[in-house]
Amino acid sequence: TDARRAPDHIEVFYDGVDQDCLGGSDFDQDGDGEDAISGKGADCNDLDVNIFPGAVELDDHLDNDCDSYIDEDIVHVGDLLITEIFTDPQMSPVGEGEWVEFHNVSDTHIDIDQVRVTFGDIENSLAFGVLPPDAVYLACGTLMSSRTDGLECDEAVLITNKATRIIVTGPQGEVDRVDATGWAQTPGRSIELASDKQDDVLNDAEGSWCEG
């Protein structure tokens, strides 16, 4: 009784009519089981079967899981750099005044929940959230601003006092490491990576760092 519908007709999606008589949702063009946002679903790209809420985030510069972040679960070598180290404070209790800064130098987001950082022999799982491109993350031995001179810390972690070896590990393996063992450092001062040395290889050299 409906001339618009027959097995040999071409399906027109998003109009509420099953033109080709194959059934299924008229708002799921890519067939991934999730309706498009236009059909009151949550699929943010109904033309790609790899993109839907809950999908595995792929290394493709696309938002596969529709959470508004791109490639946040993929952390390549050198994406998250160690850029400032302060592990030998002189005016605070051990374990409270230390801090280390990390910089997302990639062009995608990084889910910090997927990252682990080892300070000396202590490994930490982080839980800050998603770090945008070109943003910095500050891990402190404490969140007490009185102990860190007013710095805005993102998370409190266990940082070994006077730790000189720091390793960043992501879901795909090691991302960055700095081993400052034997470097000339002044107690009570940080060391900061020079702005023209923002690289996971260049930050291995003592000459790439300046005293804070």
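Preceding block: the structure.
Quick caveat, the model's predicted, so the values are computed rather than measured.

S.K.: Go over the nonpolar core with me, naming the residues and quoting the values.
M.R.: L80, I82, F102 and F119 are the most contacted members of the largest nonpolar core, which totals 28 residues. For this core, the secondary-structure elements that each account for two or more residues are β1 (80-86), β2 (99-104), β4 (116-119), β7 (136-140), β9 (165-170), β10 (173-179) and β11 (191-193). Among the elements that make up this core, the one with the highest residue count is β1 (3 residues). With sequence-adjacent residues up to four places away left out, I82 is seen in contact with V100, E101, F102, I166, V168, D176, R177, V178, L193, N203 and W209. Counting residues in each nonpolar core, the second largest holds 5 residues, with F86, W99, L138 and C153 among its members.

S.K.: Tell me what's going on with the state of the cysteines, and back it up with residues and numbers.
M.R.: All chains considered together, the criterion is met by 2 disulfides. Residue C140 pairs covalently with C153 via a disulfide, S to S 2.0 Å. Disulfide C140-C153: torsion about the S-S bond near -85°, hence left-handed. Of this pair, C140 sits in strand β7 while C153 sits in the loop between β7 and β8 (155-156), and the two are 13 residues apart along the sequence. No difference in accessibility class separates C140 from C153, as the two residues are buried. Cysteines bonded in the protein are numbered consecutively along the chain; their disulfide partners then correspond to 1-2, 3-4.

S.K.: Tell me about the pattern of salt bridges, and please be specific about residues and values.
M.R.: Tallying each qualifying case throughout the model produces 5 salt bridges. In this structure, the salt-bridge partner of R116 is E123, at a minimum N-O distance of 3.5 Å. With a shortest N-O distance of 2.9 Å, R177 and E174 are connected by a salt bridge.

S.K.: So what about the environment of E34? Which residues, and what values?
M.R.: Relative to the elements of secondary structure, E34 occurs in the segment before β1. The class of E34 is partly exposed, set by a relative accessible area of 29%. Setting aside residues no more than four positions away along its own chain, E34 makes contact with F27, D28, D43, D46, F52 and P53.

S.K.: Tell me what's going on with the sheet that holds β4, and back it up with residues and numbers.
M.R.: On the basis of which strands lie adjacent, the open sheet formed by 4 strands has the order β5-β4-β9-β10 and antiparallel pairing. Across the chains shown, the open sheet's two edge strands, defined by having one partner strand only, are β5 (122-125) and β10. This sheet shows a mean twist of 15° between the axes of neighbouring strands, independent of strand direction. Taken together, the 4 bridges between β4 and β9 define a ladder with antiparallel strand orientation. In the strand pairing of β9, R116 is matched with T169.

S.K.: Can you explain the pairing of β9? Please cite residues and give values.
M.R.: The buried count for β9 comes to 5 of 6 residues, which makes it a mostly enclosed element. Of the pairings in the sheet, the one linking β9 to β10 comprises 6 bridges and is antiparallel in character. Paired with V168 across the two strands is D176, which belongs to β10. As consecutive antiparallel partners, β9 and β10 are separated by 2 residues.

S.K.: Now, about the packing of aromatic side chains: what can you tell me, with residues and values included?
M.R.: Per the stated rule, a full pass over the model turns up 5 aromatic pairs. Seen from their ring centres, Y14 and F27 are 6.2 Å apart, and the 40° between their planes marks the pair as tilted. Within this pair, whereas Y14 is found in the segment before β1, its partner F27 is found in the segment before β1, the two being separated by 13 residues in sequence. On the basis of relative accessible area, Y14 is assigned to the partly exposed category, the value being 33%. Judged by its relative accessible area of 23%, F27 is partly exposed. Judged by centre distance (6.2 Å) and plane angle (50°), the rings of W183 and W209 are tilted.

Analysis parameters
Residues numbered from 1 in each chain as written. Predicted model: local features only at pLDDT ≥ 70, side-chain atom pairs only at ≥ 80, totals over all residues. Heavy atoms only, no water. Core = buried A, V, L, I, M, F, W, Y, C linked by side-chain atoms within 4.5 Å. Buried < 20%, exposed > 50% of the residue type's maximum accessible area, 1.4 Å probe, protein only. Helix = DSSP H or I, 4+ residues; strand = E, 2+ residues; numbered from the N terminus. Contact = heavy atoms within 4.5 Å. Disulfide = S-S within 2.5 Å. Salt bridge = Lys/Arg side-chain N within 4 Å of Asp/Glu carboxyl O. Pairing = 2+ DSSP bridges. Axes fitted to C-alpha atoms, helices over the stretch in contact; angles between N-to-C directions. Phe/Tyr/Trp six-rings, centres within 6.5 Å; stacked < 30°, edge-to-face > 60°.

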